[in-house]
Amino acid sequence: MPLPPSPVAAADQAPAEAVAPLIRGTTVLRALTDTDGALSLPELERATGLARATLDRLTGTLERMGYLRMDGRTPVLAPPLMELGNAYLEGLRLPDLLGPYARELAGELNESVSLAVADGAGVRFIHQTTRRRALSVSFRVGDLLPVERCGPGPLVAAGWHEADWERWRRRRAADPDGVGFPALPPGDAARVPAEAEFIAWARQAGEQGWALDDQLIEPGLVALSLPVHAPDGTLACVASLVSHTSRHSAEDLRERLLPTVRETVAAMERRLREAPHPEPAPPGAHRASWISASKQELGQGFVGSLARGLGVLTAFGPGRESLPLTAVAQATGQARATARRALITLTHLGYVTSEAGTFRLTPRVLALGYAPLSDLRLPQIAQPHLTTLTERVHDSTSLAVLDGDEVRYTARVAARRIMSVDVTVGTRLPAHATSTGRVLLGALPAADRARHLARAHLTSLTPHTVTGREELAAVLDQVAASGYALVDQELEEGLRSIAVPVHDRTGRAVAAVNVALHSGRRTTREIVADVLPELRATADAITADLRVAGRFSHVQEA
Ligand code: PHB
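Every value quoted in this text rests on a predicted model; they were computed, and no experiment measured them.

What follows covers the overall build of the protein chain. Helices and strands together make up the secondary structure of the protein chain, namely 20 helices and 17 strands. Its C-alpha radius of gyration of 26 Å places the protein chain within 12% of the 24 Å reference for a compact globule of 558 residues. By its C-alpha atoms, the protein chain is 80 × 60 × 45 Å across when sized along the principal axes. Looking at the 558 residues of the protein chain, the share that counts as buried comes to 53%. Intrachain contacts of the protein chain at a sequence separation of at least 6 include 64% that bridge at least 24 residues. Of the roughly 24200 Å² that the protein chain leaves accessible, carbon and sulfur atoms contribute 50%. Taken as two groups, the 60 positive and 63 negative side-chain charges of the protein chain have centres that lie 4 Å from each other.

Another aspect to go through is the pairing of strand β1 (residues 68-71). The side chains of a regular strand alternate between both faces of the sheet. Inspection of the sheet shows β1 paired to strand β2 (residues 74-77) by four bridges, in the antiparallel sense. For M70, the partnering residue across the bridge sits in β2 and is P75. Here β1 folds back onto β2 in antiparallel fashion, the turn holding two residues, of which G72 has a positive phi close to 65°.

Moving on to the environment of D164. You can see D164 is positioned in helix α8 (residues 162-174). In this structure, the C-alpha to C-alpha distance between D164 and E83, residues 81 residues apart in sequence, is 30 Å. Of note is the side chain of D164, whose polar atom sits 2.9 Å from the backbone nitrogen of H161.

Turning our attention to the nonpolar core. L98, I126, L310, L313, L399, V502 and V513 are the most contacted members of the largest nonpolar core, which has 117 residues in total. Apart from the residues lying within four places of it in its own chain, the contact partners of V513 are L386, S398, L399, T436, I498, A499, V500, V502, L535, A539 and I542. L155, W165, W168 and F181 belong to the second largest nonpolar core, which has 29 residues in total.

Looking now at the sheet that holds strand β13 (residues 406-413). Spatially, the six strands line up as an open sheet ordered β14-β13-β12-β17-β16-β15, and their pairing is antiparallel. On the outer flanks of this sheet lie β14 (428-430) and β15 (485-488), each paired with one strand and no other. On average, each strand axis in the sheet is tilted by 30° relative to the strand beside it, whichever way the strands run. Relative to strand β17 (residues 509-518), strand β12 (residues 396-403) runs antiparallel, the two being bridged by five bridges. Paired with L399 across the two strands is V513, which belongs to β17.

Rules used in this analysis
- Residues numbered from 1 in each chain as written.
- Predicted model: local features only at pLDDT ≥ 70, side-chain atom pairs only at ≥ 80, totals over all residues.
- Heavy atoms only, no water.
- Helix = DSSP H or I, 4+ residues; strand = E, 2+ residues; numbered from the N terminus.
- Rg over C-alpha atoms; globule rule 2.2 N^0.38 Å.
- Buried < 20%, exposed > 50% of the residue type's maximum accessible area, 1.4 Å probe, protein only.
- Contact = heavy atoms within 4.5 Å.
- Areas by Shrake-Rupley, 256 points an atom, 1.4 Å probe, with all protein chains shown as cover.
- Lys, Arg positive; Asp, Glu negative; His and termini not counted.
- Charge placed at Lys NZ, Arg CZ, Asp CG, Glu CD.
- Pairing = 2+ DSSP bridges.
- Polar contact = N/O pair within 3.5 Å; in protein donor to acceptor, adjacent residues only side chain to side chain.
- Core = buried A, V, L, I, M, F, W, Y, C linked by side-chain atoms within 4.5 Å.
- Axes fitted to C-alpha atoms, helices over the stretch in contact; angles between N-to-C directions.

Honestly, that's just the spatial picture; any functional story needs more than this.
Dropping the structure here:
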């Protein structure tokens, strides 16, 4: 298992003013990231070298911030943590400006396209449009690869100075097996270029303006990479077209597809030249009062300096990518001296760089949980929220998506009762007679809804089932207006359920959450009075997670 650098060592070399809890807290987040998001407390103790009592306070603080949750006794990274990486990516702007071009190229060639930036002696992905089929690994936004093992690497190294080469040599010597690169598939050392080979590759790539990865990272995986230049001529990022040898050989990529990729890169560079500088957006949530309230409530269990230190990262964003100390202090509501110590610490750890009195985030911010979290699908995001809801209402809860005339359950938490409804993940039920189905039908654009109503089989399942098309249309209008659907024994005698929608960033209802219960448990009036507010709070929490998680990558709905 890859171990992050020991926090003890990091603290030893840290500047005198560094904030030790911030160093330790980021070490915990790194350890969880490198093991794909979850690690038991004893494993975390071993991986970080931190005492259990310290770990408990750090994980308690991160849990309070929403950055991790406890799955039983195991800390697990949680989607709100992605706000840190989002602050970096929003300030960088490249995914927003160039993502549409990457998607278009991927669609045209039906292959994957990625964007990556230099990060020390590595290359970190900042965008992925994945069209990947079987037989190959897929890297995620936030994943880091060694420069010598991927197409973008030699293009980055082409601009290196001697000090950069020296740093690369030190890294190779210290970590010959690539333990510091958890995204690297377990590999075959034979494919790792020797030093002289990589130097020659970098020189050639710089001269010709492209580089080919012919299965360096994984058998079968081939990539053609091109530099994308910023208006000042520096390297902004590297665009890669990624394929598989079953469709294209590496040579084939270069001979047949290079001109197309070149055109896209030229369009990307034009976009970078022409994009107006964004108006500075207001900084994120003002945290100072929240931090003191948490301290009041949790006392010793809340490490305020960790919360304040991580809060500094969220001061950055679109139009706020480069900030002087004063602006960071203002945005976070912190005293200058406090913000300054946090910035010194974050600079020491490599998450921030400074130049001429202004600070900016580095791609390393993405190492704080981004890659494993960007992999989560909607059911996984919803699951812990459903668990909380079931604990609160003591009835079964589910997440469902619309699938033709039916709803399909994608997540489910059953309450322990004898009279529970027999639904499991994968169960399909007729949309017209279920609360989740009605919420999702009610949210469809008018034309889609009309088409759906015209062709659906409105089967009668109990004497109460609404089967008239006009009557159902009126029910759906009512559902859309009220924002919830309550179905009383139309699917099954003795079964009531209530559902509300979950929205994506664009406001589209992508799924519905419901609570289902036996009619003897609560009257319909009680359901609306007691269950609906809890259900709405759950849907809001899932929607909020989805907003953060879906900012730069597509969250699979099922
Ligand atoms: C990728 O985007 O997954 C990728 C890009 C370049 C490589 C390998 C993989 O060389």
